Amino acid sequence: MTNADPTAPQDDAKPDPPQADTGSMPENADEDLVFLDDAAPDAGPWEEEEPGSRWTMLIVDDEPEVHSITKLVLSDFAYKGRKARFLSAHSAAEARRILARESDIALILLDVVMETEDAGLRLVHHIREELQNRNVRIILRTGQPGQAPERAVILDYDINDYKAKTQLTAQQLFTTTVAALRSYEDIVAIDANRRGLEKIIEASSSLFRARSMKLFAAGVLTQLSGLLGVGPDAILCMQRGGSGEGNGEGGGGEGKDCAGLYVLAGSGRFEDLINEPAAGHVDASVLAAVTACLEKRTHLYAGDHCTLYIRTPNDRETVVYLRSNRPLSDLDRKLIEVFCGKISVGFDNLHHYEQLYRAQQGTLAALADMAEGGRGVLGMHRLAVEAVEDGRFSRSLRIAAITERIARRLHADGLFPESLDESTLEIIGLAAILHDIGNAAVDPEILSKPGPLDPAERSAMQAHTVAGATLLNQASHLADGPTHLHLGAAVARWHHENWDGTGYPDGRTGAAIPLCARIVAVADAYDAMTRDRPYRKALSREDSVAEIRRLAGLRFDPAVVDAFLAVLPDIDRMGPATR
């Protein structure tokens, strides 16, 4: 065992095609317009209705009679079950103000000549170029066609129809309005599909960067909630072991109950249930919905929620329950199907990644334990038997866990961004396992000596840092790019350097010591102090923490000590090492 312990003795230390609704037209609607003096009111009972329950139309004209007759002719208008909601502007300037506050205008009936001869045309330019509104349909109406020749206007301005007021009969107005709304509806649907697919692509790209199943699952909930625009209450449950284990392919109620179902991610009111078994912790109504989804193996939609079934290529089953404040549209459901199909493989990939990572952890822990005990290859069999009997791998894995928690805390606090990127955070725990790999080159008698080391023994013991770094540097040449072997070499060589320059093997000081080594130094020392050593009994948790505090700025990087103290509650939950 090396002297990581400061207390050790030392010498020197798209929707269905729209169906035209013929609407409702006054039976006596003539082909000629009759102008009335009394305008229909702008406001109506629809103002208290749900948004989107009516078609919003903006009339822009400086003649009040035009507003009155337009509203009269279209007073009984309906298309696809939705009536009209009218907004009036008597100048282009007033129209700009309305457009600034209203986002759902489907149709604009626009005069050309108002406060200026080209006010209407300038408003078209404002709508299309400045507001970047390509969805609203614009029908230009003019009483002076000579002021704005139809061919020139159609070619030069992004309008959708051009009508002379003297030609626009009641029937023509109705027909023109339906055609414009049909076009608007299709454009909005296409735009919604495009934005939805963009969100799916963006979400998938960010999700597949995750290297943790829990982070991936939490990201799925976040992206689904954002994609659909629903509330925060969501839960993701997963069946332990996959669907094929013990259940058979027949499924059925008996094989698809909540046994083995646990909460992998949650948000809103479900956030506190993460890692809990679904049975006994999830509301009965929610659990019933999740179980029904598993039994039927399909998405299920209700008025206030939906349950989404995600089955991976390797038959692992996941169910997402989303609480919604509205029924989901056909477009919503299509986007869900695309999204779930795209990310289903992600669950398999993350599962495989985690299994490989754990296998790698176990392998490294075995090698580290063998080195720490000064055992050769011939002692591996006995090592394996003893490891099963007393769980001795837990010490190196505990140091790895403490190291990773400290590193992630520093990262969360925005410290050392040049050293703690995501790739480093993923491998620093593995590198920490290898910190004492050089002990394989040290005489076991020295490592287990109960008293102080003489100068020759201390020199031999300290050589383990260089020996470990040399071994790992040679191994790292087999890999391209930074790996845990590259990081481990730095840790192995410099984790016994002190912040004040009194450490070994190179006497480095302060920031000249690699950050990974400074983090492992704290993790290793705390673990060493809280375990029995050949020369003393384990210190209490309180005494060990006090010693770490005392040595901040002397042996340890003060910033690393602060991060260690911040994650101490998490470390306490791990419990002590077995060895």
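Preceding block: the structure.
Residues numbered from 1 in each chain as written. Predicted model: local features only at pLDDT ≥ 70, side-chain atom pairs only at ≥ 80, totals over all residues. Heavy atoms only, no water.

1. Re the packing of aromatic side chains
A ring pair, where both rings are aromatic, is described by two values, the distance of the centres and the angle of the planes. To keep things clear, this is the line we draw: When the centres of two rings from Phe, Tyr and Trp lie within 6.5 Å, Trp using its six-membered ring, the rings pair. Their planes under 30 degrees apart give stacked, over 60 give edge-to-face, and anything left gives tilted. Think of it this way: any DSSP run of H or I at least four residues long counts as a helix, any run of E at least two long counts as a strand, and we number them from the N terminus. Burial status follows relative accessibility: with a 1.4 Å probe on protein chains alone, a residue under 20% of its type maximum counts as buried, one over 50% as exposed, and anything between as partly exposed. Working rule: Lys NZ or Arg CZ, within 6 Å of ring centre, within 35 degrees of ring normal, means a charge sits over the ring.
The full count for this structure, using the stated rule, is four aromatic pairs. Ring geometry for Trp55 versus Tyr79: centroids 5.7 Å apart, planes at 35 degrees, classification tilted. With a gap of 24 residues between them, Trp55 in strand 1 (residues 54-60) and Tyr79 in strand 2 (residues 78-79) connect regions that are remote in the sequence. There is no split in this pair, since Trp55 and Tyr79 are both buried. Ring geometry for Phe77 and Phe174: centres 5.5 Å apart, planes at 65 degrees, overall edge-to-face. Separated by 97 residues along the polypeptide, Phe77 in the loop between helix 1 (64-73) and strand 2 and Phe174 in helix 5 (residues 170-207) bring together distant segments of the chain. Like Phe174, Phe77 is buried. Stacked on the ring of Trp55, the Lys or Arg Arg82 has its end atom at 3.7 Å from the ring centre.

2. Comments concerning unusual backbone geometry
Glycine aside, residues mostly have negative phi angles, and peptide bonds mostly take the trans form. Backbone torsion omega between Tyr504 and Pro505 reads 10 degrees, so that peptide bond is classified as cis. One can find Pro505 in the loop between helix 16 (484-494) and helix 17 (515-529). The backbone phi angle of Lys80 is positive, close to 55 degrees, even though this residue is not glycine. In this fold, Lys80 is placed in the loop between strand 2 and strand 3 (82-89). Assessed through its relative accessible area of 31%, Lys80 is described here as partly exposed. With a phi close to 55 degrees, Arg297 is a non-glycine residue in the positive phi region. Given the relative accessible area of 25%, Arg297 is considered partly exposed.

3. Let's talk about the state of the cysteines
Our working rule: Our working definition of a disulfide is a cysteine sulfur pair at a distance within 2.5 Å.
All told, the structure shown has zero disulfides when counted by the stated rule. Just so you know, Cys293 is unpaired, no disulfide at all, and the nearest cysteine sulfur is the one on Cys306, 9.2 Å from it. Cys306 forms no disulfide, and the closest cysteine sulfur to it belongs to Cys340, at a distance of 8.7 Å. Taking relative accessible area as the criterion, Cys306 reaches 2% and is therefore assigned buried.

4. Considerations on the environment of Val319
Heads up, the rule is: In what follows, residue pairs with any heavy atoms lying within 4.5 Å of each other are defined as contacts.
Along the polypeptide, Val319 turns up in strand 11 (residues 317-323). Val319 sits in the buried class, given a relative accessible area of 1%. With residues near it in sequence (within four places) discarded, Val319 still touches Ile235, Leu236, Cys237, Val290, Cys293, Leu294, Thr307, Leu308 and Tyr309.

5. Considering the sheet that holds strand 3
Two pairing modes exist for strands in a sheet, parallel and antiparallel, and in both the strands are linked by backbone hydrogen bonds. The criterion, for reference: A pair of strands is treated as paired once DSSP finds two or more bridges between them.
The strand order across the open sheet formed by six strands is 2-3-1-4-5-6, and the pairing between neighbours is mixed. Every other strand in the sheet has two partners, leaving strand 2 and strand 6 (161-164) as the edge strands with one partner each. As defined by bridge partners, strand 4 (residues 105-111) adjoins strand 5 (residues 137-142) across five bridges and the pair is classed as parallel. Residue pairing across strands places Leu107 opposite Arg137, the latter belonging to strand 5.

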